[in-house]
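Spelled out from the first residue to the last, the chains are:
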Amino acid sequence: MLVLDRRVNQSIMIGNIEVVVTEVRGDHVKIGVQAPRCVPVHRKEIYELIRSQNVRAAESQPVDLEQVRGLLQI
Amino acid sequence: MKVDTTRFGQLDVADDEVIVFPEGLIGFETCTRYAIVDRREDRPVWWLQSLDVPEVAFILTDPASLVPQYRPTIPQADLDELGLGSADEATLHVMLVVPGDPNEITANLLGPLVINPHRRVGKQMILHNSGYSPAHRLVEPAPAGAPRGDAEGGEPRC
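Caption draft 1: Fine view of the interface of chain B and chain A. Each partner contributes residues to the interface: chain B has 46 residues there, and chain A has 29 residues. Note on chain B versus chain A: buried area summed over both sides is about 3,300 Å², and carbon and sulfur give 63% of it. For the interface between chain B and chain A, the tally reads zero salt bridges. The interface formed by chain B and chain A includes ten residue pairs in polar contact (both at pLDDT 80 or more).

Here it is as structure tokens:
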């Protein structure tokens, strides 16, 4: 992994995406990301949470939807 | 177009039935084209079948019927991206996880699918800082004394 030293208000560019360190307080770092709208930006742990739920959803048992509808009473 | 699927055999999908998620779904970035299967307007649970990968399909629901208090705020930038003027014009779906014990069925309220029903384009949102659960339980746990009574507040581990 490439590791770069940066100070507050300094940036790095990843292609045309700018990542700027806006604040550092102890072990807490605020980071700004300037990216085109088509580039999704997420906190990794939340991204991983959604990804794992999507994988679980895709692995749902091959149920009859009528059973699910009945279970949910809709 | 004719599309082979694992669950439903060969489907014949009209062009105007295709829903495109340009970014794919999270973890399924290469699956961008989908169609809805087994839809019933009166009982809002249906399949979202990938047209790119035969085995990829998700069970969706309309959260309004199951979690009436669910009112996520969709950022305007995301509405713009989908060509929507306001959140009222969007169709909101959430994915269900149906595990081996269907009583443990959960809905992902943290990562809903937002669709522009007219352009048939959508994206999966991540509702940062919303407090919504990625695994919101939909069926009340069994009553006390039953073998499975360990869920607190209806929210399972994720």
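Caption draft 2: Quick peek at helix α1 (residues 44–58) of chain A. Helix length check: α1 of chain A (15 residues) gives 21 Å between terminal C-alpha atoms against 21 Å at 1.5 Å per residue, within 8%. Those residues of α1 of chain A lying buried are I46, I50, Q53, N54, A57 and A58 of chain A. All buried residues of α1 of chain A project into a common sector of 140 degrees when viewed along the axis, lining one side. Residues of α1 of chain A that are exposed and point over 90 degrees away from its buried face: K44 and E45 of chain A. The secondary structure elements touched by the buried residues of α1 of chain A are β6 (57–61), β7 (91–97), β8 (106–107) and β10 (121–124) of chain B.

Caption draft 3: Just the packing of aromatic side chains, in detail. Residues and elements named next belong to chain B. Enumeration over the complete set of coordinates arrives at five aromatic pairs over all chains. Centroid distance F8 to W47: 5.6 Å. Interplanar angle 70 degrees. Geometry classified as edge-to-face. A residue pair is termed long-range when its members are at least 10 positions apart, and F8 in the loop between β1 (2–5) and β2 (9–12) and W47 in strand β5 (residues 45–50) qualify at 39 residues. On the accessibility criterion, F8 (25% relative accessible area) is partly exposed.

Caption draft 4: Representation of the pattern of salt bridges. Residue and element names in this part refer to chain A. Under the definition given, this model contains eight salt bridges over all chains. R51 is paired through a salt bridge with E48; the nearest N and O atoms lie 3.1 Å apart. Separated by three residues within a single helix, R51 and E48 lie in helix α1, roughly one turn from each other. Under the relative-accessibility criterion, E48 is labelled partly exposed at 29%. Across the salt bridge formed by E66 and R69, the nearest N and O atoms sit 2.8 Å from each other. Here R69 and E66 lie together in helix α2 (residues 65–72), a separation of three residues that amounts to about one turn. Using a relative accessible area of 1% as the deciding quantity, one classes R69 as buried.

Caption draft 5: How the structure looks around the sheet that holds strand β1 (residues 11–14) of chain A. Residue and element names in this part refer to chain A. The strand order β1-β2-β3 describes an open sheet built from three strands, whose pairing is antiparallel. Each having just a single partner strand, β1 and β3 (28–34) make up the two edges of the open sheet. Ignoring strand direction, the axes of neighbouring strands in this sheet form an average angle of 25 degrees. Sheet topology note: the strand β2 (residues 17–25)/β3 ladder contains seven bridges and is antiparallel.

Quick notes on the rules
Residue positions are given per chain, counted from 1 along the sequence in the order it is written. Each chain is given a letter, starting from A, and each ligand a number, starting from 1, according to the order in which they appear as written. Where totals are concerned, whole chains, interfaces and linings use all residues; where local detail is concerned, this predicted model gives features only for residues with pLDDT of at least 70, and gives and counts side-chain atom pairs only at 80 or more. The side-chain quantities take in all heavy atoms of the structure and omit both hydrogens and water. In this analysis, two residues are considered to be in contact whenever any of their non-hydrogen atoms come within 4.5 Å of each other. What counts as buried area is the accessible surface, traced by a 1.4 Å probe, that two parts surrender upon association, with contributions from both included. Criterion for a salt bridge: a side-chain nitrogen of Lys or Arg within 4 Å of a carboxyl oxygen of Asp or Glu. The definition of a polar contact used here is a pair of N or O atoms within 3.5 Å, where within protein one atom must be able to donate a hydrogen and the other to accept one, and adjacent residues in sequence count solely through side-chain atom pairs. Strands are runs of DSSP state E lasting at least 2 residues, helices are runs of H or I lasting at least 4, and numbering of each runs from the N terminus. In a helix, the anticipated span is given by 1.5 Å times the number of residues less one. Per-residue accessibility, obtained with a 1.4 Å probe over protein chains only, is compared with the maximum for each type, and a residue is labelled buried under 20%, exposed over 50%, and partly exposed between these values. The arc in question is formed by the directions pointing from the helix axis toward the C-beta atoms. Aromatic pairs are defined between Phe, Tyr and Trp rings, using the six-membered ring for Trp, whenever the two ring centres lie within 6.5 Å; interplanar angles under 30 degrees are classed as stacked, those over 60 as edge-to-face, and all others as tilted. For two strands to pair, DSSP has to find at least two bridges joining them. The angle between two axes is taken between their N-to-C directions and runs from 0 to 180 degrees, where each axis is a line fitted to C-alpha atoms and a helix contributes only its stretch in contact.

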